[in-house]
Amino acid sequence: MEKPIKAKPHFYACCFLELQKIAVDFGYNLLLHGSMARDMDLVAVPWVNDPKTHLELLQAFSLYLNGIVGEGLENNYMFSMLPGGRSSYVINLNRGGQYNHYVDEQYYLDISITPLQK
């Protein structure tokens, strides 16, 4: 029996280094957690006293990954609040199967941004 190719971790790993560079430019340290088997779970931690806004960071990520920029947080990035005051956002990369015919067609980033301590 042939083993299935697990493309998601490879794809996410290729993206991570550039996303880290973007995060640093916007005043955040970007951490990876999870297996990357389904999605890429990230945590962005403010690394300077005046980081760019969450929206600016997410738009830069989206531009790099999708070539497009969403206008607002809630409408484009599936916002929710998490314990510890973290803001959670989702950047969809591919969530439809009609074009690629993969068994599991969902590729997305799940990013938590920790609050800036004042």
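Right above here is the structure, for reference.
Residues numbered from 1 in each chain as written. Predicted model: local features only at pLDDT ≥ 70, side-chain atom pairs only at ≥ 80, totals over all residues. Heavy atoms only, no water.

Asks: How should I be thinking about the environment of Lys 8 in this particular structure?
Replies: Take Lys 8: it is sitting in helix 1 (residues 7–25). When the C-alpha atoms of Lys 8 and Tyr 107 are compared, they prove to be 7.4 Å apart, with 99 residues separating the residues in sequence. (Helix = DSSP H or I, 4+ residues; strand = E, 2+ residues; numbered from the N terminus.)

Asks: I would appreciate a short explanation of the pairing of strand 5 (residues 107–113) in the present structure.
Replies: Each regular strand shows side chains that alternate between the opposite faces of the sheet. Across the seven residues that make up strand 5, a large majority, six, are buried. Sheet analysis places strand 2 (residues 40–46) next to strand 5, joined by five bridges and oriented parallel. Residue pairing for strand 5: Asp 41 is matched across the bridge by Asp 110. (Buried < 20%, exposed > 50% of the residue type's maximum accessible area, 1.4 Å probe, protein only. Pairing = 2+ DSSP bridges.)

Asks: It is not clear to me how the pairing of strand 1 (residues 28–33) should be interpreted in this structure. Could you clarify?
Replies: Across six bridges, the pairing between strand 1 and strand 2 is antiparallel. In the strand pairing of strand 2, Asn 29 is matched with Val 45. The antiparallel hairpin formed by strand 1 and strand 2 contains six residues in its connecting segment, where Gly 34 sits at a positive phi of about 100 degrees.

Asks: Explain helix 2 (residues 54–66) to me, please; I cannot follow it from the model alone.
Replies: The α-helix advances 3.6 residues per turn, and as a result positions three or four apart in sequence lie on the same side. With 13 residues, helix 2 should cover 18 Å at 1.5 Å per step; its first-to-last C-alpha distance of 17 Å lies within 8% of that length. Looking at helix 2, one finds that the buried residues are His 54, Leu 57, Leu 58, Gln 59, Ala 60, Phe 61, Ser 62 and Leu 65. With its phi angle positive at about 80 degrees, Gly 67 sits one or two positions after the end of helix 2. (Expected span 1.5 Å × (residues − 1).)

Asks: Hey, could you run me through the side chain of Thr 114 in this one?
Replies: The residue Thr 114 is located in the segment after strand 5 in this model. When neighbours within four sequence positions are excluded, Thr 114 is seen to be in contact with Val 43, Ala 44, Val 45, Pro 46 and Arg 86. (Contact = heavy atoms within 4.5 Å.)

Asks: Help me understand the environment of Tyr 89 in this model?
Replies: Looking at the element boundaries, Tyr 89 is found in strand 4 (residues 87–94). For Tyr 89, a relative accessible area of 2% puts it in the buried group. Through-space distance from the C-alpha of Tyr 89 to that of His 54 is 9.3 Å; in sequence the pair is 35 residues apart. Here the side chain of Tyr 89 touches His 54 through a polar contact of 2.8 Å, side chain to side chain. (Polar contact = N/O pair within 3.5 Å; in protein donor to acceptor, adjacent residues only side chain to side chain.)

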